[in-house]
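Single-letter residue listing:
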Amino acid sequence: IFIVKNSYATILVDNIKNLNGLYNSDLHYANEILKEGMRTPFFKYTCENGKKSKVFCYLKHRNNYSPIRIEIPTYIFEKNRQYIDGIMDMIYYLIVVQGNSVNPQVRPIAIAEKYARETLSLIDINKDTIQMKLTATMNEQRGME
């Protein structure tokens, strides 16, 4: 399951006649129609070549904040259809208990990000690279100058 923030996708507004021309993006559409704790119906999208397919919906976790898109590969969605409502409830719960409306994420991801940032602050990459006598790539070297 993928959670996408700040998407400018226009799959819905470009392809659903009743939405076409009324909204700038799918996120704009979702933001206008959803109230806190609500989600859109699921939509299925298949790439033009037919090789990749996903089912997605938009979830509004808080009023006055942008909804998020939740994507599930179609084969996983179909195989686990009986669990999807419970999974959606759990995702909403994990976003709410995370406590940061400005940066909506499921709690385990938010904790992992904080841990990763804290770990990175303990390490001086430039100093450690020099001490280990590692050779920087051209892009890394450019950033150090």
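Residues numbered from 1 in each chain as written. Predicted model: local features only at pLDDT ≥ 70, side-chain atom pairs only at ≥ 80, totals over all residues. Heavy atoms only, no water.

(A) Representation of the side chain of aspartate 26 in the model. Locating aspartate 26 in the fold gives a position in helix 2 (residues 26-33). This buried residue, aspartate 26, is left without a salt bridge; arginine 69 holds the nearest opposite charge, at 5.7 Å. A distance of 2.9 Å separates a polar side-chain atom of aspartate 26 from the backbone nitrogen of isoleucine 11. (Helix = DSSP H or I, 4+ residues; strand = E, 2+ residues; numbered from the N terminus. Buried < 20%, exposed > 50% of the residue type's maximum accessible area, 1.4 Å probe, protein only. Lys, Arg positive; Asp, Glu negative; His and termini not counted. Salt bridge = Lys/Arg side-chain N within 4 Å of Asp/Glu carboxyl O. Polar contact = N/O pair within 3.5 Å; in protein donor to acceptor, adjacent residues only side chain to side chain.)

(B) Geometry of the pairing of strand 3 (residues 53-59). With respect to burial, strand 3 is a largely interior element, 5 of its 7 residues being buried. Of the pairings in the sheet, the one linking strand 2 (residues 43-46) to strand 3 comprises 4 bridges and is antiparallel in character. Paired with lysine 44 across the bridge in strand 3 is valine 55. Turn length for the strand 2-strand 3 hairpin, with the two strands adjacent in sequence and antiparallel, is 6 residues, and the turn residue glycine 50 shows positive phi of about 75 degrees. Bridging between strand 3 and strand 4 (residues 68-73) involves 6 bridges; their strand directions are antiparallel. What sits directly across from tyrosine 58, in strand 4, is arginine 69. (Pairing = 2+ DSSP bridges.)

(C) Expanded view of the pattern of salt bridges. Following the criterion strictly, the structure yields 5 salt bridges and no others. Among the ionic pairs, arginine 39 bridges to aspartate 85, the shortest N-O distance being 3.4 Å. Placement of arginine 39 in the loop between helix 2 and strand 2 and of aspartate 85 in helix 4 (residues 84-98) is noted, with a sequence separation of 46 residues between them. Since its relative accessible area comes to 28%, arginine 39 is described here as partly exposed. Here glutamate 71 and arginine 69 are joined by a salt bridge, their closest N and O atoms 2.7 Å apart. With a relative accessible area of 11%, glutamate 71 lands in the buried category. Classification of arginine 69 as buried rests on a relative accessible area of 9%. In the salt-bridge network here, residues are joined through shared partners; they are Lys54, Arg69 and Glu71.

By themselves these figures say nothing about function.
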